[in-house]
Each structure stands twice: as C-alpha cells, then as structure tokens.
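Remarks on the overall topology
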Amino acid sequence: MTAYLLASTAMKKRYFLTLIFGIILLGTQTQVLSQQVNQNSGGSASILQSLKKMQVLGSVLYIAAHPDDENNGLLPYLAKEKMYRTAYLSLTRGDGGQNLIGPEQGIELGMIRTKELLAAREADGAEQYFTSAYEFGFSKSMDEALQVWDRKKVLADAVWVIRNYKPDVMIARFPPDARAGHGHHSASAQIAREAFVAAADPNQFPEQLKNGVTVWQAKRLLWNTFNFGGANTTSNDQFKIDVGVFNALEGKSYGEIGGEARSMHKSQGEGRPRRKGEIIEYFTTIVGEAPTVSLLDGVNIDWARLGPNANDISLALDAVIKSYNPLQPSLSVPSLVKIYAQIQQLPGSVWKSYKLHALQQIIEAAAGLSVEAFTNNEKAVQGDSISFTCAVNNRTNAMVTLQNIVVEGQSFAKTIQQNLVQNKNYNYVVALKPVIANNQFQPYWLMHPKQTDGMFMVNDYSVLGKAWNDPALSVQFNCTIEGVVFSITRPVQYKYVDPVKGECLQPFIIIPPYELVVKPTVVLTGVVSEKGKKNTVTPLQLTVQSNQEKQIVAGVGFSLMSQQSGKQIFQQSLDSVFKDAKTVVLQVPVSKFYDPAQVSNTITATVAVTNNLGTQNYNQHVQKITYDHIPNTHYLTQDIVKVVDAPIRVKGGKVGYIAGSGDLTEEALVQLGYRVEKITAANMTPQSLAGFDAIVTGVRAYNVNGFLKEGYQTLLQYVQNGGNLIVQYNRTGSNGLTPPMAPYPFTISAGSRVTEENAEVVFTNPTHPVLQYPNAITASDFEGWVQERSTYQATAIDSKYDAPLSMHDKNEQASTGSLITCAYGKGNFAYVSLALFRQLPAGVAGAYKLLANLIALPKH
C-alpha cells in the first residue's frame, strides 16, 4: 500500500510518505499537486492543535496577484482556528517590483519573494501555489494585464491548481474593477471568477483530466472586501468574522501571527506589528449561495464526507484527544497508528491522502522521532561521488525499528534492522555517485526562456503550480512504528554550525562541473571625456571555472555569438589548462569581436571543455542569493552582453555614491569612466564631500540609510557650495511623509508613475541643460526602455523646481514629476524618478546620457 505526496520544497520539511501495510488501495486518484506545512515543530501544544485539525475536512483557497496581496490575519485564522486546509494562490511571484533589501530585480526578485511567501506560510499554517504568470511591472488596467499575460494560460494554471487542491470555498482578495487598485489585482479577481466556473467544466482544459485530476466545483466564491489604499469596500451588511481572537495553544492571537507572517515580506518593506484585539474581516458573495453562519456553510466538514465507514475514525480521534497527555505524547502513538490503518482503508481521495500525511507527521512528532539526512558540503559536482549522514534518534520510549534506508531515484538501499533505543543517536554514512538530471536545482519556471514578456514557459504538469523544486536528493527511512512500516522521507541538506547563528540548515545542490562567467554585461564603446578624449573601453573578461575536486587537464574553446544572427563572431582555444588552477581567464578587447556595421549589440558566450571524458559546452554559472530570513537560493544564469556604441560625453571625474536598497548605478558610473567613492556615515562630512563633482544616491537611499535623516543637511550644504546632488526615487516613510532630502518642498506619490515603457516623452523645456549638455537628448534616447518610464514621481512641486519632461500612460493626465531640478546656492539638486535603475543594467544608451548630463549640470 502506498500513499504519497508529490510536492515538497527544499525550503520546508515536506514529507513524502509510503505506508507498506499489505492493503490494496481502492480507487486512488493520483495526487499530482499537494503540499502541507509541518505544524508539529512546536512540541505538545502543536501536536494537540494538529490532532484537533484532523477532525476538520474543509478547505479554502485564497486568490490574488502578488506576494503580499494575501490577507495575513485571515489565513492563520482559517488554518489554525477554523482548522481548514488553507492555501494562497498567487498568480505571480512578484518579479517586477522594487527590492528594498538588495540589488536583485526581475526573476531574482521573484525567487526572493517566492521564498518570503513560503516563510510566511510557515508562520500562518497555509500552503502556497503559483501560476506561470510573470509580474511584468505595474499595470494600470485589467485589460493590459490579461493581454501581456496569456489570459488562457493563466486561467488554465489556476484551474489546474483548483482541480488538484479541490477547495470547498474560494476567496478573491480583489474586485475585477478600479477599486482593486491596479490591473494585476483586478485581473486576479477576474481569473478567480472564470476559474471557479471552468474547473467544474469537463470541456474546459480537458487535457488536464488525462493527467491525474478530475473536475471540481467549489461551493462558493467570495470577495474579501477591504478598507485600504483609499478605498473602503466594506459595509455592515456583509458577512463578517472577527479574526483577531486568541489561540491558547499558539499563545498568540491571529493578528499577532499575521504580523509575523506579513513581516516575512522584507524585500517589500512590509514589516508589521503583532496586532492584538478585534479584527473584523468582511466578505461578499460573488458566485454561489451566501454564507450566514460560517464561510463553509453547506459543506460537510467532518469525516462523514468520506462515507459511513469514516465515522469510526472521528470517534477514535476524539478518544485520543480526550486522553492526550501533553507530558507524554508518545502514549498516544499506538492509538494513532491504528487510526492511520483505518484511514488507509478508505477509498482514494484528496482528503484521504492529505489526512494520511498529516497523521504521519503527528505520529512522528508524538514519538519524538528525529530523522535527518545532511552533508557537510553545500555543493557537490555532477558526476562525482558524494557522501552524507543519515541520523536517527528515537527520543521517547515508542516502539520504533529502522528497517532500511533508500535514496530516492538512486540505486542505493541499505538494510539496517535496528531497534531504536530511547534517546540514542544512530548515524549511517551513505556514499554514492548520484544520477541526477542536469541543472536539477534550477527553479523549474526558469528551465526555459520566457514564453512571452508576461509568461514563464511551464508545461510540465508534475511541477505546475508548485512553489519550488523538489530537493536534489531525498532519503526514505523505512521505520516500523508500533508494528506498522512508515516511509519517512527527508531531503539531504547542508548542515553546519555558524559561530553567531548556531546550527544552520541550507539546501544542498549538485552543480555542473564547469561554469562560465562573462563581465561586464554592459560595454560602453563611445564614452568621450570633456577634453574630447575617448575613454578606454573595458575588455570583455571570460572566466571558466572548474568545480572538479580533482583537476582534469583540459582544453577550452571560447566563442562569442551574435544573439540576433546566431553567427559566431569570436573564437579562441587554449590547450592544457586546469593543471594548477581552477579558473582560466581570457581578456577579449572589444575590437576583436565587435563591428557595429556587421554585428548586433547583444552577445552571448560559450566555452567548450574537452578532457578525457569528451567535449561539453557550458554557457552558465551558479548564482547564490543569501538573506537571513529565507533559505539560500541557487540558480543558473547566462551572462548576456549588451554593447552600447552610442557616443556619450561625460564631464567631471569623481563621483560620490550613496548606496540605496539595491541597484547597479555604481557599476554604470564606473562604465562611464568616473572614479566612484562610496559615501557612508563615516565620511559624510563637508570636507569629504567637497572633492566630488557630483553625488548620486541609489534607489530608496533615504528610506534605508538612517544617517541621511540628519546627513541630508550636510548634502544640501554640499549643493550650496557648488555640488550636484542626484537623488533617485524614494518612497514616503512609515508616517506617510516624504523623507527630508530637498532644498524646496515636493511630495513623493506612490500613485504617480508612468508604467508604459514606450509612453511618449514631451520636452516641456527643451533648452534645459539636462537635455542639452554634454549630450543632446532626443526622443530616440527614450526608445528601448524596459518595464516602465518612472515610479514614485514628485507631486505638489514647489515653483522653484524645473520639470523639463512630461509623460503619461494612456487615458491619463500628463505628469511632470519624473525629473525635477533646481538651483540651490552654487549647485544643483535633482530628484529622478525615471527608472534609470532598470534601464542602466539593460544597456539603454539614453539612460547613460541622462545620468551623464545630470552629473554635469553647470554651477551657478
């Protein structure tokens, strides 16, 4: 007999289970997509909470557009108070937003926000799912969002999740209109409505029905109305719930748990208080019969929904709960194992699989069974042998025997047959050469190039909807507990002790034997100094790194390709490398491969490595993202070089840079030929600043640098004395006010932005120096922009400012807050909400020209 779970993540302890019990499984439906949170890590109270939840067979699916759209007070209430199976379906991973904690943008930011959502779900007890939609940036209309996304594919993905998860009730966060705030939000509401109907229709996406799912009709679709963002959509005649109640087993109210979950969205600056007291949530019915008593009115949420044979299970669970001893949870294990056997005899269903898995987690926790697989190394190389430790400890007097250890997907099995003595450590070393698919740790939605600007290409039903990949390696510990064999599956993890953090667990990955890194990814060939001298062009540096533990002498062949034409434009081979070093570096002058008359300006690189194992091509390298609040993230990326051959004139030599929340402006300044020095609290003095021709702040610098609360006055003194201060976009503070930064007043508005990257730009003051010197700015300099024109624009602008640019999205009034400048003393201040932080890494020539002109604004 086999019950199994096919959707774990490396970020959470999701346990596959197999019960070898000798009973034939009747009518089992394949569960392609399933996910559960381990709720039993908090000791006896968590076990009791989970036992109570075993008695509830009701489910809710919450649907919205982005990470942080979910209602973090409602989800824990549903999961822990009502004890429903609860999940959040986010249509996107938040790729197109801004990053408050680092330089990552686009797909990298999407990975961070995915793991932040998983961390939030660990706190609130819900599950997490996604569609394959890409968050392409702020959208002001539902029509645009559904057009950039593949509407049919997003709908199909949502239907796939519904048919797998089979929610009793669905809840949309937003309405499908302007009250939603912007296009992605309203589009998520529309998708929720359409998916509610389509999931029940066998004529809609019939191919899914051949892949292990059946049609499903939820009882009702609700809208969780709200009062935020300037819109109050609640009313007293709506269905209401107080979700602020206290849970004694948790020791917290759901407002407190929600604050903790919300605060996991750190890349968005979403830290929130642990709220106490009454919190009323409002709901209106969109489709189906309106609830009057509970959200799941009309749904049978006890064991009777699985047939009359399931009633005995409810009685047995009641008996266990009544006799539960929090000081000795292991006393309940024999009874729990018998209940497991009863559930196993039920016909196959979503609820059968879900409850079997949940009960196995309870049994493991009550037995005090510690099971783990770990290695001392974060990485192994594909094709090499690896070793790791399988560790087991039975911390109670429960009757447990470890029968064998099996490495999933590998030809390794070790017979143990060990009775586990109470609180004794048993360690078993596993050594093998794993057979692993290439790039198995690459996030599954990044395995192929994006299908369109708005969609990842994900057509594999085995992963569609999942939050993350399965672990690189997993181990089955087949244990007999009270005479019944359970298969307990754990991922192989990297385990180490940090002198500050203590014991740490991180994902273990298997990497390719060679990697290729290309730098820089933006090459400026036409930079000219104020004296008319052409700057030296940085050569392209190709670095191939060997990850082999024992170096194998090899030959390498570097090649550069024009991405548009696919033609090879450079090739050079080196023989007998990797004798004494793990890296080989080749410097390639731009003149060797780039001729603007014949070659496109987008270039890729490949290295062919030839050794005694043959020849293999490599064009990617492993990137690692690390933040303390989420597990480490590894992914493969290919460096794509953008050659900018437009003439760009620069004036000035030394520029100060104040880092913000994360962008690549500093690298762009270096490419322009400036000598860049970072400014911190330590050197924020009039004497230190006097030596700079200009000072540039990174995005949100005034939001994340505490020293600027007072230091802004020093910066304004620098401007008065003849310096140029260029401030990239910031947000209002937690008090809703614009941070002090400028000599004259203006207000930063989150709602004032131009999201259409091709919006017409009007020069309202064509003779302004920022449009004339040292580079003449024309309409062509605003071609090729990516994602957006500007964000967090200036509004309520004092008359002392000049606003040389005007732009707007379709059907909106023109705005002039994307770039404002003013003279102050002998120098100049500029607030720049133009999205230079996106354009510079994308190699947009006009963005480099504008930055050079801002630095060169003439003194007064």
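Residues numbered from 1 in each chain as written. Predicted model: local features only at pLDDT ≥ 70, side-chain atom pairs only at ≥ 80, totals over all residues. Heavy atoms only, no water.

1. Focus: the pairing of strand β2 (residues 59–64)
Of all 6 residues in β2, 6 are buried; the element is thus mostly enclosed. Burial along β2 is two-sided: the face carrying Ser59, Leu61 and Ile63 and the face carrying Val60, Tyr62 and Ala64 are both buried. Judged from the 6 bridges that link them, β2 and strand β3 (residues 85–90) form a sheet pairing that is parallel. Residue pairing in the sheet places valine 60 in a bridge with threonine 86 of β3. When β2 meets strand β5 (residues 169–172), the two strands line up parallel, connected through 4 bridges. (Buried < 20%, exposed > 50% of the residue type's maximum accessible area, 1.4 Å probe, protein only. Helix = DSSP H or I, 4+ residues; strand = E, 2+ residues; numbered from the N terminus. Pairing = 2+ DSSP bridges.)

2. A few points about the packing of helix α1 (residues 44–53) against helix α10 (residues 350–366)
Interaxial distance between α1 and α10 falls to 10 Å at its minimum, and their mutual angle equals 155°. Classified by the angle their axes make, α1 and α10 are roughly antiparallel. The interaxial crossing formed by α1 with α10 has left-handed handedness. Residues Ile47, Ser50, Leu51 and Lys53 of α1 form the contact with α10, whose participating residues are Tyr354, Lys355, Ile362, Ala365 and Ala366. For the contact of α1 with α10, a count of residues per class yields 6 nonpolar, 1 polar and 2 charged. (Axes fitted to C-alpha atoms, helices over the stretch in contact; angles between N-to-C directions. Parallel < 35°, antiparallel > 145°, perpendicular 65-115°, else oblique. Left-handed = near helix turned anticlockwise from the far one by under 90°. Contact = heavy atoms within 4.5 Å. Nonpolar A, V, L, I, M, F, W, Y, C, P; charged D, E, K, R; others polar.)

3. Details of helix α7 (residues 254–262)
With 8 of its 9 residues buried, α7 lies for the most part within the structure. Turning to α7, its buried residues number three or more, namely Tyr254, Gly255, Glu256, Ile257, Gly258, Gly259, Ala261 and Arg262. Buried residues along α7 sit in contact with α2 (74–81), α3 (107–124), β10 (246–247) and β11 (252–253).

4. Regarding the confidence of the model for the protein
The share of residues in the protein with pLDDT of 70 or more is 95%, and the mean pLDDT across the chain is 92. Here residues 1–32 is a poorly scored stretch, pLDDT under 50, and it has 120 contacts once near neighbours within four places are set aside; other chains count. (pLDDT = per-residue confidence, 0-100.)

5. Concerning the packing of aromatic side chains
In total, this model carries 26 aromatic pairs according to the counting rule given. Between phenylalanine 174 and phenylalanine 226 the ring centres are 6.0 Å apart and the planes differ by 70°, which places this aromatic pair in the edge-to-face class. Pair noted here: phenylalanine 174 is in the loop between β5 and α6 (183–198) and phenylalanine 226 is in the loop between β6 (220–225) and β7 (227–228), with a separation of 52 residues, a long-range link. Overall, the relative accessible area of 3% leaves phenylalanine 174 in the buried class. The exposure class of phenylalanine 226 is buried, given its relative accessible area of 4%. Between tryptophan 351 and tyrosine 354 the ring centres are 5.5 Å apart and the planes differ by 90°, which places this aromatic pair in the edge-to-face class. Taken as a pair, tryptophan 351 and tyrosine 354 lie in helix α10 at a separation of 3 residues, close to a single helical turn. An identical accessibility class is assigned to tryptophan 351 and tyrosine 354; each is buried. (Phe/Tyr/Trp six-rings, centres within 6.5 Å; stacked < 30°, edge-to-face > 60°.)

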